[in-house]
Structures are given as C-alpha cells and as structure tokens.
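A structural walkthrough
Residues per chain, in single letters:
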Amino acid sequence: MKNMSIWQDYNNNYSYPRLEENLNLDILIIGGGITGCSTFYQFKDDKRKIALVEKNKIGNGATSRSSAKVTFLQEDIYTKLNNIFGLRKTSLYYKSQKEALGILKDIVKEENISCDLKVSDSILYTMNKANIKRIEEEKRLLVSFGEKVLDITNLPNGLKVESGFTVNNTYIFHPLKFVKNIIKKSLTPNHLVYENTKITKIEKEDNYFKCYTDTNIIKTKQIVLALHYPYFLFPYLMPLKCYLEKSYLACSKTEDTYSFNAINIEKPLNSMRYYKDYHLTVSSSKNLAFGSDDIKMVNDLKENTKIQDITYLWSNHDLMTLDHLPLIGFIDDNLILATGYNTWGNSNSLIASKIIKDLLSNKESIYQDLFDPKRGLNIQKLINYPLNIFSNIYSFVGSKINKNKDYYQGNPYFTKKDGKNIAIYKDSDGKEHIIYNKCPHLKCSLVFNEVEKTWDCPCHGSKFDLDGKCILGPSNYDIGYKNNQ
C-alpha cells in the first residue's frame, strides 16, 4: 500500500526554479495549487508582470489530495444555502458552479490539455429512508434552476439505494496533470513561476507590498493569496468563519470501470468515482479537531465502504466555511483571498480564477458580493457556530494537555531536550526521528499520524514529514530538531 494519492504517483518531470533574486511585479500569486495555477493561466495574455510562487512543489498540496471531481452536485448544498440566503443567492451559486465546468472544458479544448478529462454523470443518493425528503428537496431546487434530473434506485455499479438522482455533464480528471500543463501554457518572459519559494512576511508600504522570502524581497502592486488555509488569522477572523474537515481517501483495484461519480447525503460519508482500473472512495470525514486517531479513521473507512485491498491511501483537509460559501475577493486594498471551498475545491478554484481576473482588471463580477470574504455571519441561522468555537478551543487545549495518546503505545514519545519540547519517533529500521513538537504557525502541539507517518497540527492542518520538513501549510517553517538549535 502506498501512503500517497494516486495523482501524485505519476511520472512528473516538471520543475521550476527557486527564487534567487529580488522582483518588481504588478501581480504576485502566492500558492501553486489549482486556484493559483488557474489564476496564473487567466492572465496568460495580460501584459502586466506576474509571478506565481509555491513554497513546495506546484500542485502537490491539497490539489493533489482531492477526489478530482468537478461537479455542481454537491451533497445538499442548495438546500443549505436556500435556508440561509434564499433562492436568489442559491441560484447564483448554482450558476457559478455551472460556469466553472465550462471554464474547465474550454481550457482543456483550447489548449489541448492532457489531463484525463472525462464527462461523468453525478449522483446524489441515500441508503436511509429517513433522508428521502432531503434528497427530494435538493432535487426540487435543481429542477427549479432548470436542471434535468433522473431518479434512480441503483448506482451504475449495482449498489441499491433508497433514493437518488442523476445529473449529466459533470467531469472527472487528473488534477496534477491539469495544473502542470496549464502552467506550461502560461509561461512568458513576463509571467514567471517559482517553486520551493515561501513567503514569510508581507508588509504594506504606500501603494505596494513588500513580500519577504528567506533570501529575497518581492515588491508587487497586487497580491492573490491562493492558499488552502491562510497563515494569518486576524484581522479577518478566519477561525470564526471556517474550520478544517479531515477525510481519508482510498484507491483499490477493480475489474469494473464506470464513468459516474456519486456521493451520499448522510454520515458516514461515502463519495466515489473511478479512475482507470481503480475505485476511489472518500470516507471517514471529521472536524480536524476530533480526527487525530488516524488508524481508527482508516478502519472506519474500510467499514463504511467495504474496501479491503487498498493500493493508495491518503488524507485530505478541506476548509469549511460556516455559511457554506467560498471566500473569494478583496480582503484589503489590492489584496485578494481565495479559499474556503467546502470540499468542492476543483469547481470553486476554477470560478475563483475568473473572479480574480475580473477584479484585478477593474471589472465587476456577478459573484463578488456572494463570495465576499468580508461578508458578515448570520449567527441566528448558523447552527454550527457554537460547535466551531468549541472545536477551535478543543484542538488547541487538547494538543497541550494530552500529547501521549493511548493509541501511540510508546512510539512516538515526548520529552525535553536542551529545554525544548521534542517528540521522537523510531521507524521500522530503528532510526530515531526527532522534531520540535510545536507547529510554528500558532504553537499547537503536534500529533503523530500513524497511517501516513507524518506530524500533523490538529488546529490548522499543517503537515510535516518524519524529519520535520513542512509539506502542507499554513505553517511556513520546518520543525526538525536540528533546525531549531
């Protein structure tokens, strides 16, 4: 079994240099996932000087960990939005997701992008009679938007369901192949890409920004923060507007291949699609604050989905907003944020790239008010608001008072060395891996992921390898013990 996503396991020969000089730009895009890369592509014919910087490898963050579905059928999102915002805004969100599908189709066709793009029917279903009314309400809203739906009693793979329906003309694809190829199509002498280049600090001076890397300074007029979880918290109150959800994904070999994708409407989650001769399943989703027992989460996935022989196994974090809408738009003068996609990152990344292009070209977008990151929270209608506050406190305090989880069985163990809190993990060859046991982001104590053999932050989702190299943010720093001498 490989503890990596199936998308990461392909012959990837593309690489880009580390920034080794100071830059003067018109636009800086921070983050090399599908949002940043799609935004970079949107500006490919723009005459302004633009650079994209990624602190690790292009596409290897959350983009490479998704199920790679691009669909407007997103559980019961339209019911939830209608209950909070009413029909007009709900219809507008539906329109944005349909437009995202068109953006993907047009890019692949116009640029002849090889990314295993396939048309796929999307299915919403339930295995529980008690949830039939929820299925019917979501279907009613889609029909009111003019969408054609087809009732089903079985999935194409033969699974019998209590209720469900199908919509047509959605997509599945290979996300890493997509972002790598659109970057190649977008490079010019004025449009540059840098990997292994992390922005450690941003300062605003007059009408431009100074962005610091470890060795250089980038001056830019405008910034796009295409980050999965922004490394700042205030003054934008990110913890109050969102939380992280952790899921496990698995791929297993199958003799039968299908072109549909499906998701159920209840918990436990069972989301599925097929890729070549693999069946891909997403399950065992939890608020990150309560998802530190990775072996239990994997066992739950196996029980929920009945998968036994797993070839690829990996986890993913999704930034969930309390009102179910993404955060896309200006958070300050000339500073744009795009994040909070609520498990539907592929479609929302694509529409975000179009919105950002419009906003930075002094054009209005019909979606800018809907996705405005500075919008207020309707606390009376947000039933998860108290739970979100509790989970933020729980993850921080819990990480401090209970480092030695029962399921560790003595490996790793936690101690002090030279006055520093450290954690030590002994691998199967007997080698000790020592790390500084605090996330550099906000000093949460880390937990050990026994499935992926990584150190994970239970507060905001930073991820570090055995020797402390940061492989997922929001942290910008490594935690290897030798790095902290």
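We now turn to the structure provided with this report.

The rules behind each value
- Residues numbered from 1 in each chain as written.
- Predicted model: local features only at pLDDT ≥ 70, side-chain atom pairs only at ≥ 80, totals over all residues.
- Heavy atoms only, no water.
- Helix = DSSP H or I, 4+ residues; strand = E, 2+ residues; numbered from the N terminus.
- Buried < 20%, exposed > 50% of the residue type's maximum accessible area, 1.4 Å probe, protein only.
- Polar contact = N/O pair within 3.5 Å; in protein donor to acceptor, adjacent residues only side chain to side chain.
- Contact = heavy atoms within 4.5 Å.
- Phe/Tyr/Trp six-rings, centres within 6.5 Å; stacked < 30°, edge-to-face > 60°.
- Lys NZ or Arg CZ within 6 Å of the ring centre and 35° of its normal.
- Pairing = 2+ DSSP bridges.

Brief notes about the environment of Asp323
Structurally, Asp323 is set in the loop between strand E15 (312-321) and strand E16 (327-332). For Asp323, a relative accessible area of 4% corresponds to the buried category. Separated by 82 residues in sequence, Asp323 and Lys241 have C-alpha atoms that sit 8.1 Å apart. Looking at Asp323, its side chain comes within polar contact range of the side chain of Arg375, at 2.7 Å.

Thoughts on the side chain of Thr321
Here Thr321 lies in strand E15. The class of Thr321 is buried, set by a relative accessible area of 3%. The contacts of Thr321, once residues within four sequence positions are left out, are Lys241, Cys242, Leu327, Gly340, Asn342 and Arg375.

With respect to the packing of aromatic side chains
For the coordinates displayed, the defined rule picks out 15 aromatic pairs. On the basis of an interplanar angle of 55° and a centroid distance of 5.7 Å, the ring pair of Phe260 and Tyr274 is categorised as tilted. Taken as a pair, Phe260 in the loop between strand E11 (242-253) and strand E12 (261-264) and Tyr274 in strand E13 (residues 270-275) lie far apart in primary sequence, 14 residues in all. Grouping residues by exposure puts Phe260 and Tyr274 together as buried. An aromatic cluster is defined as three or more aromatic residues linked by ring pairs; in this entry it consists of Phe72, Tyr78, Tyr93, Tyr94, Phe145, Tyr367 and Phe371. Here the guanidinium or amino end of Lys201 rests over the ring plane of Tyr212, the centre of that ring lying 4.7 Å away. Above the ring of Phe43, the side-chain terminus of Lys357 is found at 5.5 Å from the ring centroid.

Quick notes on the sheet that holds strand E22 (residues 454-456)
Within the open sheet, the four strands sit side by side as E21-E22-E23-E24. Their pairing is antiparallel. Edge strands, defined here as strands with exactly one partner in the open sheet, are strand E21 (447-449) and strand E24 (470-472). Of the strand pairs in this sheet, strand E23 (residues 463-464) and E24 are connected by two bridges, and their pairing is antiparallel. Bridge pairing in E24 links Phe464 to Cys470.

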